Every structure is written in structure tokens, then in C-alpha cells.
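# Observations on the three-dimensional arrangement
Listed below are the residues making up each chain.
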Amino acid sequence: MKSFKKTLALVIALPLALGSASALAYGGGKHHEGKGGKGACGMQNGHKVFRQLDLTDTQKEQMKELRTANRDEMRDDKSGKRAAMQAQHQEMQALVLADTFDEAAVRALAEKMTEQQVERRVVMLEKRHEMMNILTPEQKVKYQELQAERTEKCQARMDEKRSK
């Protein structure tokens, strides 16, 4: 019986955790004061770092082309992803509401969801890598320095919020 309760808790907690992680990665949460506003620590402010790198006109154009291509690709794929997420949600609901608990099916669904999350992360990092390859070695060093500064500031803000 304990195994059933633990697995049921996992089935309920996994989508919540993944959804929360996605929302936070997107920049959701009340700690942000608007998109890229004061207090934002996520990648939504990444474009500001690129502005500090003294990009050439060619580099700016290449970055713009990559962003446009990525945005268009995401828009085209959005309805397919939404349908897949709805199907997974329905499958999850069916597993939770079933008369008997099918641990193998739950594990298979959880693994499938995890694999999809890993795949999304790989694609995201591949796109970021493409953007970084536009930079010169000097710009990459400066980018790392700026990112380190941003990380320190973000950590200080988070520590300050925790101490309140």
C-alpha cells in the first residue's frame, strides 16, 4: 500500500514539478516586475548582454536571423506540442483515475515526459551554441564576464529576498 501511495504522489507531483520548472524557466512567477524588468534573473535579459558586446553589423544581422528562425520554428511547432501535452495530460488523468494502479504505465509516461524535456533542453542549448559561435573569442570572454556579473547580482537579490 505504501508503494501505491508513493507512486501516486509521484504521478501527481511530476507534472506539477515539470510545469513549475517550465514556468520558472520561461520567466513566470511574481518576483519579476514585467518582462525583463527589475529583478529578473533569467535568460529574458540575455539580449541586453549581447548589446554590451559591441557586435558588428554582420554579427547583429546573423543574431537577428537566428532569433527570427527560432521564433518561427517555435510558432510552427506550438500546436503540435500543445496537442502532445494534452494527450499526455489525458493519459495521466486516466492512470490516476483507474481502478488499479499501473506502475509500469506510470513509469513509462514519466520517462517519456522526461525524455521530451531533455530533448527540448538539447535543442535550446544547440540554438544558444549557434549564437555563441557568431561571437569572436574576445566577445566570448566578455560575455562570460558579463554573465558572471549577472549571476552574482541575481544571487544577491535572491539572498536578499530569502532574508526578508
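The structure displayed is predicted, hence computed values, not measured ones.

All right, on to unusual backbone geometry then. Not every positive phi belongs to a glycine, and Asp54 is a case in point at roughly 50 degrees. Tracing the backbone shows Asp54 in the loop between helix H2 (46-51) and helix H3 (57-97).

Right, let's get into the side chain of Gln88. Checked against the element boundaries, Gln88 lands in helix H3. Assessed through its relative accessible area of 8%, Gln88 is described here as buried. Not counting residues within four places of it along the chain, the set of residues in contact with Gln88 comprises Leu109, Lys112, Met113 and Gln116.

Moving on: helix H5 (residues 137-163). Taking 1.5 Å as the rise per residue, H5 with 27 residues should run 39 Å; its terminal C-alpha atoms sit 39 Å apart, in good agreement. Those residues of H5 lying buried are Gln139, Tyr143, Leu146, Gln147 and Cys154.

Residues Val49, Phe50, Leu53, Leu55, Met63, Leu66, Met131, Met132, Ile134, Leu135, Tyr143 and Leu146 constitute the largest nonpolar core, which totals 12 residues. Mapped onto this core, the elements with two or more residues apiece are H2, H3, helix H4 (103-132) and H5. Setting aside chain neighbours within four positions, we find Ile134 in contact with Gln59, Gln62, Met63 and Leu66.

Basis of the calculations
Residues numbered from 1 in each chain as written. Predicted model: local features only at pLDDT ≥ 70, side-chain atom pairs only at ≥ 80, totals over all residues. Heavy atoms only, no water. Helix = DSSP H or I, 4+ residues; strand = E, 2+ residues; numbered from the N terminus. Buried < 20%, exposed > 50% of the residue type's maximum accessible area, 1.4 Å probe, protein only. Contact = heavy atoms within 4.5 Å. Expected span 1.5 Å × (residues − 1). Core = buried A, V, L, I, M, F, W, Y, C linked by side-chain atoms within 4.5 Å.

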